[in-house]
Amino acid sequence: MKLKFLVQALAFSSVAIVAQSAFAQQIVKIDGSSTVYPVTEAVAEDFQKAKKNAIKVTVGISGTGGGFKKFCRGETDISNASRPILKSEMVECAKAGIEYIELPVAFDALTVVINPKNTFIKQLTVAELKKIWEPGAQNKVMKWKDVNAQWPDQPMKLFGPGADSGTFDYFTEAVVGKSKSSRGDFTASEDDNVLVQGVSRDVNGLGYFGYAYYVENKDKLKAVPIVNEKGQAVLPSLDAVIAGTYTPLARPIFIYVSAKSLAKPEVKEFVQYYMTHGAKLSKEVKYVPLPDKAYAVSWEHVMKGKKGTVFGGTAEVGVTIEELLKREAKL
Amino acid sequence: MPYARDLKSIRRLIAAHKRWDLVFACCGVLALMVGLLTFIALFVDMAIDGVPRLNWDFFTNFPSRHAAQAGILSAWVGSCLVMLVTAFVAVPLGVGAGLYLEEYAPKNWVTDVIEINVTNLAGVPSIVYGLLALGVFVYQFGFGQSILSAGFTLALLILPVVIVATREAIRSIPVGIREAAYALGATQWQVCKDHIIPYSSAGILTGVIIGMARAIGETAPVITIGALTFIAFLPPSPIKAEPPFLSFEWLTSPFTVMPIQMFNWTSRPEAAFLQNAAAAGFVLVLLTLAMNGFAIWLRYRLRKNIKW
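Position numbers for residues count from 1 along each chain, tracking the sequence in the order it is written. Following the order in which they are written, the chains are lettered starting with A and the ligands numbered starting with 1. Thresholds applied to this predicted model are a pLDDT of at least 70 for local features of residues and 80 or more for the giving and counting of side-chain atom pairs; totals over whole chains, interfaces and linings are not thresholded and use all residues. Side-chain metrics in this entry use all non-hydrogen atoms of the structure; hydrogen atoms and water are not considered.

Draft legend 1. Geometry of the packing of helix α5 (residues 126-133) of chain A against helix α7 (residues 166-175) of chain A. Residues and elements named next belong to chain A. Helix axes are fitted only over the stretch in contact, all axes being lines through C-alpha atoms; the angle between N-to-C directions runs from 0 to 180 degrees. Under the scheme used here, helices are H or I runs from DSSP no shorter than 4 residues and strands are E runs no shorter than 2 residues, and both carry numbers assigned from the N terminus. Look at α5 against α7: their axes get within 9 Å of each other, and the N-to-C directions meet at 120°. In terms of their interaxial angle, α5 and α7 are classed as oblique. The segment α5 lies against α7, with V126, L129, K130 and W133 engaging F171, A174 and V175. Considering only residue class, the contact of α5 with α7 consists of 6 nonpolar, no polar and 1 charged. Each angle gets one of four labels, with under 35 degrees taken as roughly parallel, over 145 as roughly antiparallel, 65 to 115 as roughly perpendicular, and the rest as oblique. For this analysis, residues touch if any pair of their heavy atoms sits within 4.5 Å. Under the scheme applied, nonpolar residues are Ala, Val, Leu, Ile, Met, Phe, Trp, Tyr, Cys and Pro; charged residues are Asp, Glu, Lys and Arg; polar residues are all the others, including Gly.

What follows is the structure, given as structure tokens:
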């Protein structure tokens, strides 16, 4: 009997602790890319505080693709995406009658990093990156001198994100010319911290990942200036991305808002908050904010109900934000 | 002298055998140490990183982008509630199934097939349960991405463990007890209710808690059914000020659990979040150890009450 009492007491106390919050359930549901997550999380955190918790926001991570799956089933209000919506996903959404508004929220600068002790790489061209990463390089381009005859006769150690990541998709698209087309014999990890560790411990390491991971590990890594189409070698930085000189590795990241959900005042308020505070908050989590005007134009698009994507369901590399915002959107 | 030579060779033989004994004992200790030392090294490393981060705020704060303000409130409340549902589902189903298989089921090939399958189910990767649950609980039954779905999923996951533990416990009860009860005219149900269940409850509870200790660390199936990463509010309170005082709204609430929070923190760029992850991991390990300790204590207590 004592035991029965104990079990009851345990169940009761664990339940009693939860006895705090019971408001009307106004929930904004967000899911999708892990790359966009830090920005959206920051916005969600501040938004909830600003609204005194009257509106609740949940953010999940199921990847850009996984996020769109839920979004097109109508399970979420907003989908985080580190790449534009694809043809197949557009079809899914159309089938379920889900219309959406595409809003760029920040830039991510893919950063190519090497070990700080590496002195021979001063800059990299896209052609050199392609030589290193294209599928044909497997078992052929194994040493630095295979890429550039002036580089040493040392084995390269490559690190990169796994094939499920939007970063991988974008990098391969930008460098090799075809999304997901990469050599397979490199150390792949979905956890960017593993890549940071790998490159920082190996003199011959080279890897790529989002800018935020480089900024946090500046003492352990060296970023490589990338030669853009104008022939300038540019280091990734806030200014370079905004000026549009860090190409082709700067990419916009997006949120997709369901048009149906936008009719709900809490979702609309959240999006407005995102567009007014997005610049400051994305900077805080080490992403590159869009120019202020871009957020204003995006909010205008929301108000006017500009539905659809401006990409037409295919990936594109090196588009500037001004170009994006001027384009006609299609569902 | 043949005798002396014999004695010598016998001694040599004995010495050789003892050497083998020693070699095997050393191998055994080594094998044990590999596992044990790895765990201790990991645990100590985690404790060194995480313990300085532990304070009251860490338990009462929601997740945040500022590592120093981030806490595990939604995660540990979520974990506890999911475990509550898991226990409520797994115990009746598991004990019922075990009891039936052991006491009621006819011994034929159908029962054998079921037995083999139950044992094999314990080895199915947890992600498979997650996918099954996504189809059945989340969409088919319409539970949604809720605490209820997660509880059912994890209950399913630990069901084989509970069933096997129940059967082991029942099997250890002497046949004489049953026969004595039957001799006095008890029905099968009376035997189960008054003798089998009380006497086996120690073993059953141990099995349940060990199963729960496994379930609390599961990430894959919970992510599959849609656990969230950022959630800065708690499920609605189960206790209401007005009648009927109890509310089950929390069952349908979105949630997150400790391992997910931890995983999210380990993949952050800022080093301070790694510290948070270590602290959360430390709490999780302590929770698991506490559950196992509780199981041992319970077994000890309940065993003491059994008087045959």
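Picking up after the structure, the text goes on.
Draft legend 2. Spatial organisation of the interface of chain A and chain B. Listed as interface residues are 45 residues of chain A and, on the opposing side, 39 residues of chain B. Across the chain A/chain B interface, buried area totals approximately 3,400 Å², and carbon plus sulfur atoms make up 61% of it. Salt bridge, as used here, is a side-chain nitrogen of Lys or Arg placed within 4 Å of a carboxyl oxygen of Asp or Glu. The tally of links between chain A and chain B comes to 4 salt bridges. Taking the shortest distance from any N to any O, the salt bridge between D46 of chain A and R65 of chain B comes out at 2.9 Å. Two parts placed together each lose some accessible area under a 1.4 Å probe, and adding up what both lose gives the buried area.

Draft legend 3. Highlighting the nonpolar core. What is meant by a nonpolar core is a set of buried Ala, Val, Leu, Ile, Met, Phe, Trp, Tyr and Cys residues, joined one to another through side-chain atoms within 4.5 Å. Three labels apply to residues, based on accessible area from a 1.4 Å probe with only protein chains included: buried if under 20% of the type maximum, exposed if over 50%, partly exposed otherwise in between. Within the largest apolar cluster, 104 residues are counted, with the highest numbers of intra-cluster contacts made by V112, L206, L249, F270 and V271 of chain A. When residues of this core are assigned to their parent elements, the largest contribution, 8 residues, is made by helix α12 (residues 265-284) of chain A. The domain boundaries here were taken from an automatic or database domain assignment. In terms of domain composition, this core takes at least three residues from each of domain 1 (2-106 + 252-330) and domain 2 (111-235) of chain A. Ignoring sequence-local partners within four residues, the contact set of V112 of chain A consists of L124, L129, F171, L206, G207, Y208, K222, A223, V224, I226, Y246 and L249 of chain A. Among the nonpolar cores identified, the runner-up in size contains 61 residues, and V85, Y129, I147 and M291 of chain B belong to it.

Draft legend 4. Quick look at the state of the cysteines. Criterion for a disulfide: a pair of cysteine sulfur atoms within 2.5 Å. Counting across every chain of the model gives 1 disulfide over all chains. Put simply, C72 of chain A and C93 of chain A are joined by a disulfide, and their sulfur atoms are 2.0 Å apart. Classification of the bridge connecting C72 of chain A and C93 of chain A rests on its S-S torsion, roughly -75°, and on that basis the disulfide is left-handed. Placement of the pair is C72 of chain A in helix α3 (residues 63-72) and C93 of chain A in helix α4 (residues 87-95), with a sequence separation of 21 residues. In this model C26 of chain B remains outside any disulfide bridge; the closest cysteine sulfur is found in C27 of chain B, 7.1 Å from its own.

Draft legend 5. Region of interest: helix α6 (residues 147-171) of chain B. Residue and element names in this part refer to chain B. Here, expected helix span is obtained from the residue count minus one, scaled by 1.5 Å. With 25 residues, α6 extends 35 Å from end C-alpha to end C-alpha; this agrees with the ideal 36 Å at 1.5 Å per step. Bend is the name given here to the angle between axes fitted to two runs of seven residues, the run ending at a residue and the run starting at it. The axis of α6 is deflected most strongly, by about 45°, at I158, and proline P160 appears within four residues downstream. Burial analysis of α6 places 19 of its 25 residues in the buried class, the great majority of the element.

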